[in-house]
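Structural features, examined
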Amino acid sequence: MKLITDNLSPELPGFFQDLTSTPKLEIPELSRRQFFKVSGITGGGLVIGLALGTGSNKAKAQSAAADATSTLSPYVQIQPNGRINIFSKNPECGQGIKTGLPLIIADELDCAWEDVDVVQADIDASKYGAQFAGGSLSTPMNWMAMRQAGATGRAMILAAAAQQLNIPLTELSTSNTKVVHATSGREWGYGEFAELAATMPVPDAASLTLKTKDQFTLMGKRFTGVDNHDIVTGKPLFGADTRLDGMLFASYTKCPQIGGRALSFNESHIKSLRGVVDAFILDEFGNPKMFNPGGGDMFSGVAIVAESTWAALKAKRELEIEWDLSNAEVSSWSEIVERAYAMKDEDGEPLMTTSRGPNGPTTVPASKGDAEAVLQNAATVVSGFYEYPYVSHAQLEPETCTALYQNGNVEIWAPAQIPQSGESGSAVLLGIPAEEAAQRVVLHQTRIGGGFGRKLANDYVFEVVAIARRMEGRPVLLQWTREDDMGGDYFRPGGFHSYTAGLDSVGNLTAWQDHFFTSTGNDTAPMTSADLNPNVFPKDVIDNVKLSQTMFHNAIPTGPMRAPASNAFAFSFQGFMHELAIASGKSHVDFLLDTLGDPRLANPENPQSMHTGRAANVISEVARISGYEQGASEPGRAKGLSFYFCHSGYVAQVADVSVNANKEVKIHKVWAVGDFGFIHNLSGAENQMEGGIIDGISQLFNAKITFENGIIQQQNFHQYPLLRMPQAPELEVSFLEPEEFSPTGGGEPSMPPVLAAVTNAIYNATGDRIRKMPLFELGYKLV
Amino acid sequence: MATLNINGQTMDIGEIDPSTPLLWVLRDELGLVGTKYGCGIAQCGACTVHMNGAPVRSCQIPVGNLTDQQITTIEGLAAADGTLTPVQEAWVELDVPQCGYCQAGQIMSATALLNNNQNPSDADIDAAMSGNICRCATYSRIRQAIKDAAAKMNGTAFYDAAQTGEIA
Ligand code: FES
Ligand code: FES
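These figures come from a predicted structure and were not determined experimentally. (Residues numbered from 1 in each chain as written. Chains lettered and ligands numbered in written order. Predicted model: local features only at pLDDT ≥ 70, side-chain atom pairs only at ≥ 80, totals over all residues. Heavy atoms only, no water.)

1. Some words on the overall build of chain B
What chain B contains, in helices and strands, is six helices and five strands. Start at the N end of chain B and walk to the C end: the helices and strands fall as β-β-α-β-β-β-α-α-α-α-α. For chain B, the C-alpha radius of gyration of 16 Å lies close to 15 Å, the compact-globule estimate for 168 residues. When the backbone C-alpha atoms are referred to their principal axes, chain B occupies close to 55 × 30 × 30 Å. The proportion of buried residues among the 168 residues of chain B is 56%. For chain B, the accessible surface area stands at approximately 6,200 Å², while carbon and sulfur atoms represent 48% of it. The distance from the centre of the 8 positive side-chain charges to the centre of the 17 negative ones in chain B is 10 Å. (Helix = DSSP H or I, 4+ residues; strand = E, 2+ residues; numbered from the N terminus. Rg over C-alpha atoms; globule rule 2.2 N^0.38 Å. Buried < 20%, exposed > 50% of the residue type's maximum accessible area, 1.4 Å probe, protein only. Areas by Shrake-Rupley, 256 points an atom, 1.4 Å probe, with all protein chains shown as cover. Lys, Arg positive; Asp, Glu negative; His and termini not counted. Charge placed at Lys NZ, Arg CZ, Asp CG, Glu CD.)

Listed below in structure tokens is the structure:
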């Protein structure tokens, strides 16, 4: 299992650390009897199973497959017709994991991909360990477990075949879902041994022989998404597509000033409206300003339950609610900006880090060396103050979830990135003791219409559970509006970096100082995803680093968004690195490579730290394929380069950009070179990189959430524009796949570098140094 | 009792609030949940359907205003035997979807474009598709899939596996 944990990235937020440190990563050792029992699943599961299973060859829902005869493990079943069901454990939110994980199993099981039906697993920690979509962790955390699951199935089939055919095991092999006897030239489909195989003892992991890379028959090629057919034909796959008998539809309206509590509303009017079944106030639970996926936390508001979505949404418009604002947020972004700029030349509090010594963890300043002294004697000193805003996830599927509460138990259908926390939090909300939660709270995962981290929070799950409790016996589907979503996000927090760095007489980077400005809700620690990782680049590669921090009190809810922290830091770090490169007199590439130094693990004590050689390789390669050189290729047109390392992935990107006199920016092309270790589904990895680049460009130019007196000022896409087809540049994506490294995830590291690649290109084209996102506020327009 | 003509069939929608947008009639009354809600204000295109062959935003059309129009939804594109249209086929083969939530709307817009213009330029594609947001940013694959579908409709090879590597 070493391989797996080695790939976990150091910058994981705490809740991912919790998830990844559970011992449940191993395939739970269940007896065959238990497999049969759990695959029987519940009646409610069958409903959605049938709804989801229609029309698709490749993908089914778990319960529809419950009649399969021979279960080899929680991951593999052989159907009566010899086809193979492979269970995909984690939520699918567009990152391709529903295809990616089964592919690993299928290869080790030695299946032909055409013989495989992928089944979305239900939520069950006893069978699947941690099930979540976040941190680009699904692949690295499950890589070895999935390989073992496949190899386990293969070993059981072979053992059964040997017994049934009375042929020595050593004479049998497998290929394309068949058992092969080479000496006689005979072969049999796996289905012929299914029944016996399911009775074979489960071999222990140590006895398994995994394939070597050259033996992979599937992995390394391009595979299309298993749900593609259902998506292009409009089959019910997503959260809001859940349909149950007697179902009701709900809206939920919270205070625009975040944290306000509903006191009263025009109840009799709302209840008199056409199609409205009930309307009521729900109290706040927990502390929902703070990101906490498993606590049951939710804001107070008014629920309207109706016979149709439209009736619930139409009545919502007529709500008149009186709010108690005593606990509502009062912060304003404009004020925070003013305070940060006023303090930009001051020092902050020393940034602290936890180091694990022989006597347990101790908290020490994160700075190292003596940056101040080195700066005093530096040949060149460069400073820059960088700003970036709050941003909304704006996943295209607004929050939605369905729940049925009956006899004190609840069944949930959720598009959720941490569905297990949705279950445990629902138990907390309902007062169900933790030890009874597994029996009394059942959650079925649906496909997620975009996550980007928004659906790591489970607030919308808890809201519908609270509503369903009031509507006992009737399933309720909660539908948020886009306005609910944009005004009620766990936002990517805004922040500021005040940098000063020193170069010696030959242009080498010798000292780095960063005063980081962020927000805190409790006045002791930054809000979620609003912290500066004390080990962040370039601390490990230079000797003198001073890190300090100023926190402003501001509890506007924040949470992880695709590449948390990196999605903003990369813009400022790599923009400032370009400023330094220019001041150094070296080429940009040389400056980056010189700063990285010799190929090595940047922090030898931390196996998850950046490998400078892998970093250098992606930078050199993207410079080579793009023909990058610093400077304009023609008046108003130039390329810009940027690199970032996060979530264990290395990505360098170059943007080719034109800027005209009206500050209209055309991005002609972006080149990207990634190193995510071995890539087992090339189409999936390319999709993540392509999406990450355009996501980054979209945010860079247009994404900004502001708040005044605790009220979010943007409500829908007309005030928060996303990039559209005409603005999308040509993309060229490639990967280095160093032999010795197992796969890491591509969803997050693909996005951050492009931010500075574009702003560095604008500098190279025009001489305008951009230190603030989004660019529309500086008069730039993406065309 | 009101009826609508959807995917070539006359469908009964019962006594319904005439202000109900077509989007919610499709989803809640008729069980055609392939058409998606993304914004409700004609910004995202997730709810795109065809009205008499033209792409429209179903979140903006009160059902009471519909009379004899022929509505086509994502569920109505493939042939009765399940054969996909060239656009749907190209989408599957090029692996366009990421989360997939926008794709019904994208496919309806692309289909309407190709029904009128089987040789669209990049500018034609920009114009026809700019009302559809893809938050996952699958735009380059959408553009290529439209070109592949156009080539398919014109009877030429639409996809060269040798050029892009093996697709399973
Ligand atoms: S939901 Fe109709 S355009 Fe967005
Ligand atoms: S595929 Fe997710 S919004 Fe387009």
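2. Concerning the sheet that holds strand β18 (residues 400-406) of chain A
All names here are of chain A. A sheet is described by the order of its strands in space; here seven strands give the open sequence β11-β12-β9-β21-β18-β19-β20, paired in mixed fashion. Since the sheet does not close on itself, it has two edges, and those belong to β11 (276-282) and β20 (441-445), each with one partner. Shown here is a sheet whose adjacent strand axes are inclined to one another by a mean of 20°, direction ignored. Bridging between strand β9 (residues 248-254) and strand β21 (residues 476-479) involves three bridges; their strand directions are parallel. If you follow Leu-248 over to β21, its bridge partner there is Val-476. (Pairing = 2+ DSSP bridges. Axes fitted to C-alpha atoms, helices over the stretch in contact; angles between N-to-C directions.)

3. Brief notes about the pattern of salt bridges
A full pass over the atoms with the stated rule returns 46 salt bridges over all chains. Across the salt bridge formed by Asp347(A) and Lys546(A), the nearest N and O atoms sit 2.7 Å from each other. Of this pair, Asp347(A) sits in the loop between α12 (333-342) and β14 (349-350) while Lys546(A) sits in strand β24 (residues 544-553), placing them 199 residues apart in sequence. Overall, Asp347(A) belongs to the partly exposed group, its relative accessible area being 46%. If you follow the salt bridges from partner to partner, you end up with Arg222(A), Glu686(A), Glu690(A), Asp95(B) and Arg141(B) in one network. (Salt bridge = Lys/Arg side-chain N within 4 Å of Asp/Glu carboxyl O.)

4. Some points on the packing of helix α14 (residues 419-430) of chain A against helix α16 (residues 459-470) of chain A
All names here are of chain A. For the pair α14 and α16, the least separation of the axes is 10 Å and the interaxial angle reads 40°. Regarding the angle of α14 to α16, the classification is oblique. Crossing handedness for the pair α14 and α16: right-handed. Seen from α14, the contacting residues are Ser-421, Gly-422, Gly-425, Ser-426, Leu-429 and Leu-430; seen from α16, they are Val-461, Phe-462, Val-465, Ala-466 and Arg-469. Counted by class, the contact of α14 with α16 contains six nonpolar, four polar and one charged residues. (Parallel < 35°, antiparallel > 145°, perpendicular 65-115°, else oblique. Left-handed = near helix turned anticlockwise from the far one by under 90°. Contact = heavy atoms within 4.5 Å. Nonpolar A, V, L, I, M, F, W, Y, C, P; charged D, E, K, R; others polar.)

5. A short note on the domain arrangement of chain B
Residue and element names in this part refer to chain B. As far as domains go, chain B holds domain 1 (2-76) and domain 2 (86-153). The straight-line distance from the C-alpha centre of domain 1 to that of domain 2 is 21 Å. Summed over both sides, the interface between domain 1 and domain 2 buries roughly 1,100 Å², with carbon and sulfur atoms accounting for 60% of that surface. Where domain 1 touches domain 2, the interface holds five residue pairs in polar contact (both at pLDDT 80 or more). The set of elements that each furnish at least two residues to the side of domain 1 that touches domain 2 consists of β3 (48-51) and β4 (54-57). Class assignment for the residues of the side of domain 1 that touches domain 2 results in six nonpolar, eight polar and two charged. (Domains from an automatic or database assignment. Buried area = accessible area lost by both parts, 1.4 Å probe. Polar contact = N/O pair within 3.5 Å; in protein donor to acceptor, adjacent residues only side chain to side chain.)

6. Points about the side chain of Glu329(A)
Residue and element names in this part refer to chain A. One can find Glu-329 in the loop between β13 (321-324) and α12. By relative accessible area, which is 6% here, Glu-329 ends up buried. In this structure Glu-329 touches Gln-257, Ile-258, Lys-289, Asn-554, Ala-555, Ile-556, Asn-709 and Gly-710, once residues within four positions along its chain are discounted.

7. Comments concerning the domain arrangement of chain A
Residues and elements named next belong to chain A. The domain architecture assigned to chain A consists of domain 1 (14-231), domain 2 (239-325 + 393-487) and domain 3 (563-783). Domain 2 and domain 3 are separated by 37 Å when their C-alpha centres are compared. Counting residues at the interface gives 10 residues for domain 2, matched by 12 residues for domain 3. The three residues of domain 2 that bury the most area against domain 3 are Gln-257, Glu-483 and Met-486, which together make up 51% of that side's buried surface. The interface formed by domain 2 and domain 3 includes two residue pairs in polar contact (both at pLDDT 80 or more). Its residues assigned to classes, the side of domain 2 that touches domain 3 shows six nonpolar, two polar and two charged.

8. Notes on the packing of aromatic side chains
One pass over the full model with this rule turns up 35 aromatic pairs over all chains. Note on Phe238(A) and Tyr101(B): the rings are 5.4 Å apart at their centroids and 90° apart in plane angle, and the pair reads as edge-to-face. Here Tyr101(B) lies in the loop between α2 (86-93) and α3 (103-116) and Phe238(A) lies in the loop between α9 (228-232) and β9, a pairing that spans two chains. The interplanar angle of 70° and the centroid separation of 5.8 Å between the aromatic rings of Phe385(A) and Phe517(A) together place this pair among those described as edge-to-face. (Phe/Tyr/Trp six-rings, centres within 6.5 Å; stacked < 30°, edge-to-face > 60°.)

9. Side note on unusual backbone geometry
Residue and element names in this part refer to chain A. Between Phe-537 and Pro-538 the backbone carries a cis peptide bond, its omega angle lying at 5°. Residue placement: Pro-538 occurs in the loop between β23 (509-520) and β24. A cis amide bond, omega -5°, links Met-773 with the succeeding residue Pro-774. For Pro-774, the location among the structural elements is in the loop between α22 (753-766) and β32 (781-782). Positive phi, close to 50°, is recorded for Asn-176, a residue that is not glycine. Mapped onto the elements, Asn-176 comes out in the loop between β6 (172-175) and β7 (178-181). Residue Asn-176 is classed as partly exposed on the basis of its relative accessible area, which comes to 46%.

10. Observations regarding the pairing of strand β5 (residues 116-120) of chain A
Residues and elements named next belong to chain A. Where burial is concerned, most of β5 is hidden: five out of the five residues are buried. Of the two faces of β5, the one lined by Val-116, Val-118 and Gln-120 and the one lined by Asp-117 and Val-119 are each fully buried. Pairing analysis gives five bridges linking strand β4 (residues 84-88) to β5, with the strands arranged parallel. Bridge pairing in β5 places Ser-88 opposite Gln-120. Remark: the β4/helix α5 (residues 97-109)/β5 crossover connection has right-handed handedness. (Right-handed = clockwise from strand over helix to strand, strands pointing away.)

11. Points about the interface of chain A and chain B
Every contact between the two is made by 61 residues of chain A and, on the other side, 58 residues of chain B. Each partner contributes to the roughly 5,000 Å² buried at the junction of chain A and chain B, and carbon and sulfur atoms together form 56% of this total. On the chain A side of the interface with chain B, the three residues burying the most area are Val232(A), Leu396(A) and Met725(A), jointly 16% of the side's total. Our count for the contact surface shared by chain A and chain B stands at seven salt bridges. Here Glu686(A) ties to Arg141(B) by a salt bridge, and the two come within 3.7 Å at their closest N and O atoms. The interface formed by chain A and chain B holds 29 residue pairs in polar contact (both at pLDDT 80 or more) in total. Of all the secondary structure elements, the ones that give two or more residues to the side of chain A that touches chain B are α9, α11 (309-316), α17 (482-487) and α21 (682-702) of chain A. Tallying contributions element by element places α21(A) first for the side of chain A that touches chain B, with nine residues.

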